[in-house]
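Overview (structure and organization)
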Amino acid sequence: TQQQALNLISDAALRMLDKGVLYMSCMEGSELAPKIDASDNTDKMYTYFHQGDTLIDALENAGFKVFDIQRKRQASPIGEVTELFITARLDKVIT
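Below: a short report on this structure.

Rules behind the numbers
Residues numbered from 1 in each chain as written. Predicted model: local features only at pLDDT ≥ 70, side-chain atom pairs only at ≥ 80, totals over all residues. Heavy atoms only, no water. Helix = DSSP H or I, 4+ residues; strand = E, 2+ residues; numbered from the N terminus. Buried < 20%, exposed > 50% of the residue type's maximum accessible area, 1.4 Å probe, protein only. Contact = heavy atoms within 4.5 Å. Areas by Shrake-Rupley, 256 points an atom, 1.4 Å probe, with all protein chains shown as cover. Axes fitted to C-alpha atoms, helices over the stretch in contact; angles between N-to-C directions. Parallel < 35°, antiparallel > 145°, perpendicular 65-115°, else oblique. Left-handed = near helix turned anticlockwise from the far one by under 90°. Nonpolar A, V, L, I, M, F, W, Y, C, P; charged D, E, K, R; others polar. Salt bridge = Lys/Arg side-chain N within 4 Å of Asp/Glu carboxyl O. Pairing = 2+ DSSP bridges.

Another point: the overall build of the protein. Scanning the protein from terminus to terminus reveals 2 helices and 6 strands. In sequence order, the protein lays out its α and β elements as α-β-β-β-β-α-β-β. Counting every position in the protein, which comprises 95 residues, the buried fraction comes to 34%. In the protein, the share of contacts with a sequence separation of at least 24, taken over all contacts with a separation of at least 6, comes to 59%. Accessible surface, the protein: about 6300 Å² in total, of which carbon and sulfur atoms supply 51%.

Here it is as structure tokens:
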């Protein structure tokens, strides 16, 4: 969920060494609920989406400097999706 992603960022800032690098990848989108892909054998895969701007703001507020952002659009079983890749370095520890 979005809250879990924000918690991950703040927890990483507390646990990482200064100048440590964090790499995040996720599906970008504004859907509030996950999309479900059900295979023929009834297995289900839930895809949660995150807003890139929200993640970037959270990283910067936690003391990270974002130095690379990439987006890749591609087809998937749930339709076309945008993969988001963010790389950030911890420049200071905020308590």
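On we go.
Moving on, we get to unusual backbone geometry. Positioned with a positive phi, Lys 19 is a non-glycine residue whose angle comes to about 75°. Relative to the assigned elements, Lys 19 resides in the loop between helix 1 (2-15) and strand 1 (21-28).

One can describe the packing of helix 1 onto helix 2 (residues 52-61) by two numbers: an axis separation of 9 Å at closest approach and a directional angle of 25°. When the axes of helix 1 and helix 2 are compared, the pair comes out roughly parallel. Seen along the crossing, helix 1 lies across helix 2 with a hand that is right-handed. Note on element contacts: helix 2 touches helix 1 through Thr 54, Leu 55, Ala 58 and Leu 59, opposite Gln 2, Ala 5, Leu 6 and Ile 9. Of the residues in the contact of helix 1 with helix 2, the class split is 6 nonpolar, 2 polar and no charged.

Here we take up the pattern of salt bridges. Applying the stated criterion across every chain yields a total of 5 salt bridges. Residues Glu 28 and Arg 71 are paired through a salt bridge, measuring 2.6 Å at the closest nitrogen-oxygen approach. Of the two residues, Glu 28 sits in strand 1 while Arg 71 sits in strand 5 (residues 64-74), which places them 43 residues apart along the sequence. The residue Glu 80 makes a salt bridge to Arg 73 at a minimum N-O spacing of 2.4 Å. Judged by its relative accessible area of 54%, Glu 80 falls in the exposed class. What emerges from the salt-bridge pattern is a single network uniting Lys 19, Arg 89 and Asp 91.

Here we come to the sheet that holds strand 6 (residues 81-90). With mixed pairing, 4 strands are arranged side by side in an open sheet as 4-1-6-5. Across the chains shown, the open sheet's two edge strands, defined by having one partner strand only, are strand 4 (49-50) and strand 5. For strand 5 and strand 6, the ladder comprises 10 bridges, and the chain directions are antiparallel. Bridged to Gln 70 within strand 6 is Phe 85.

So, to be careful, I would describe these as geometric facts and stop short of saying anything about function.
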